[in-house]
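Spelled out, the chains give:
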Amino acid sequence: MRNMKKYKNFLIAPLALIALALWSCDTENMGTEYTPDTVGVSFYWTSTSIVYTPDEGSTFSVKVARSTTKGEATVSVTSTDPSGLFTIPSSVTFADGAESADIQITGGDLILGTVYKITLELPEEMLSVTGNRKAEVSFMKDYNWIDTGTGQWTDGLIGTFFGVERLTYPVTVYQAEGEPGMYRVLNPYGFNVYAYTAEAEVTKNPCYLVINANDPNAVSVEPQSLGIDWGYGEFTANSIYPYESENIAAYPLGTMVDKTIDLGAIYVRMGTEYGGIAPEKTILVLPEE
């Protein structure tokens, strides 16, 4: 294992920031306070992300708590669904003796790999003390992924920011069932995969980097985590386009030729304070059949 301490504690220059909407795999604000004598309700979470495979269907639940277990109670629920593809009840009912209840939500004709966002709200006058009135849900019906074997990853996203050699190393590659141009790479910067990452620096395991190569002349990477933090915040990455759509010649999307994928211009962010365009190309060579 190479020693990265002196590199990780020093950035060569401040990096530009771009405001991006990033896919989050975490939830927030669990543990609302309740008072025993207050008949009030609250969502368990203010935000959550749910991922199902096609085999698991498109029905999920969002849990609501109340500060008493006495009697049956029905509470209205207001929802916002920009897609119009989800069936969301207008109320939730607590059974007598129950401290929680589930809002059952079912998706319709959903597009695989697309993130849908729903907002749920409870009546303000029925909230518990410090209750969570609003819950934001991100739901994705993921692909079934098939392990295709070991490919070769050439890093251009991280190492050169810190003035170290650009490495090529083996990675596990998956292909989406029914979508021959959709790939994901397992832990491309994980511990025991990328030589410069220490075990304590891993924030997400497993971490998959998804690459859309359905159009071989316009390979793209949606905003997503790289699963590590070197002290400047968690690394995330995405294609520059469409954020620089007027300068597509300067910041091109990637390309795929035979089994070699060039990711194109990628923006890398470290937390909220540091970010910049990756200075080197990142290349994935797919496994041999």
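Residues numbered from 1 in each chain as written. Predicted model: local features only at pLDDT ≥ 70, side-chain atom pairs only at ≥ 80, totals over all residues. Heavy atoms only, no water.

Asker: Go over empty space enclosed by the protein with me, naming the residues and quoting the values.
Answerer: Evaluated as defined, the whole model comprises one cavity of 30 Å³ or more. Size it by volume and the largest cavity reaches roughly 40 Å³. Lining of the largest cavity is provided by Asn 187, Pro 188, Tyr 189, Gly 190, Val 202, Lys 204, Cys 207, Leu 226, Gly 227 and Ile 228. Within the lining of the largest cavity, the residues separate by chemical class into six nonpolar, three polar and one charged. (1 Å grid on protein atoms, 1.4 Å probe; cavity = no way out; pocket = protein on both sides within 12 Å on 5 of 7 lines; lining within 4 Å. Points joined across faces, edges and corners; volume = space filled by probe spheres on them. Nonpolar A, V, L, I, M, F, W, Y, C, P; charged D, E, K, R; others polar.)

Asker: Break down the nonpolar core for me, citing the residues and quoting the values.
Answerer: If you look at the biggest cluster of nonpolar residues, it comprises 35 residues, and the most contacted ones within it are Trp 153, Leu 157, Ile 158 and Ile 261. When near neighbours in sequence (up to four residues on either side) are disregarded, Leu 157 contacts Tyr 189, Leu 226, Ala 237, Ile 266, Val 268, Ala 278 and Thr 282. By size, the runner-up hydrophobic cluster in this structure holds 24 residues, among which are Phe 43, Ala 101, Leu 122 and Phe 139. (Core = buried A, V, L, I, M, F, W, Y, C linked by side-chain atoms within 4.5 Å. Buried < 20%, exposed > 50% of the residue type's maximum accessible area, 1.4 Å probe, protein only. Contact = heavy atoms within 4.5 Å.)

Asker: Talk me through the packing of aromatic side chains; I want residue IDs and the actual numbers.
Answerer: Tallied over the full model, the rule gives 16 aromatic pairs. For the ring pair Tyr 194 and Tyr 196, a centre distance of 5.5 Å and an interplane angle of 85° mean the geometry is edge-to-face. By the burial criterion, Tyr 194 is buried, and Tyr 196 matches it. Put simply, the rings of Trp 153, Phe 162, Tyr 169, Tyr 189, Tyr 194, Tyr 196, Trp 230, Tyr 232, Phe 235 and Tyr 274 touch in pairs and so form one group of aromatic residues. One Lys or Arg, Arg 184, reaches over the ring of Tyr 174 and ends 4.9 Å from the middle of that ring. (Phe/Tyr/Trp six-rings, centres within 6.5 Å; stacked < 30°, edge-to-face > 60°. Lys NZ or Arg CZ within 6 Å of the ring centre and 35° of its normal.)

Asker: Help me get a handle on the pairing of strand β11 (residues 145-154), residues and values and all.
Answerer: In the sheet, β11 pairs with strand β12 (residues 168-176) via nine bridges, with the strands oriented antiparallel. Its bridge partner lying in β12, Trp 153 is registered against Tyr 169. Sheet topology note: the β11/strand β21 (residues 283-285) ladder contains three bridges and is antiparallel. Across the sheet, residue Gln 152 finds its bridge partner in β21, namely Val 285. (Pairing = 2+ DSSP bridges. Helix = DSSP H or I, 4+ residues; strand = E, 2+ residues; numbered from the N terminus.)

Asker: Got a sec to walk through the sheet that holds strand β3 (residues 59-66)? Specific residues and values, please.
Answerer: Spatially, four strands are ordered β1-β3-β8-β6 in an open sheet, and the strand pairing comes out antiparallel. The open sheet terminates on both sides in strands that have one partner only, identified here as β1 (41-43) and β6 (86-87). Pairing of β6 with strand β8 (residues 100-107) involves two bridges; the strand directions are antiparallel. Across the sheet, Thr 87 pairs through a bridge with Thr 106, a residue of β8.

Asker: I'd like a description of unusual backbone geometry, backed by residues and values.
Answerer: Omega for the bond connecting Asn 205 with Pro 206 falls within 30 degrees of zero, at 5°, which places this linkage in the cis form. Structurally, Pro 206 can be placed in the loop between β13 (179-186) and β14 (208-212). The phi dihedral of Asn 192 falls on the positive side, at around 70°, and the residue is not glycine. Residue placement: Asn 192 occurs in the loop between β13 and β14. Asn 192 gets classed as exposed once you look at its relative accessible area, which sits at 63%. You will see that Asp 258, though not glycine, has its phi angle at about 55°, which is positive. Inspection of the secondary structure assignment puts Asp 258 in the loop between β17 (253-257) and β18 (260-264).

Asker: Give me the lowdown on the sheet that holds strand β15 (residues 224-229), citing residues and values where you can.
Answerer: Read across the sheet, four strands follow the order β15-β16-β19-β20 without closing on themselves; strand pairing throughout is antiparallel. On the outer flanks of this sheet lie β15 and β20 (274-277), each paired with one strand and no other. Across the sheet, the mean angle separating the axes of adjacent strands is 20° when strand polarity is ignored. Bridge analysis of β15 against strand β16 (residues 234-239) gives three bridges, and the strand direction is antiparallel. Looking across to β16, one finds that Gln 224 is bridged to Ala 237. (Axes fitted to C-alpha atoms, helices over the stretch in contact; angles between N-to-C directions.)

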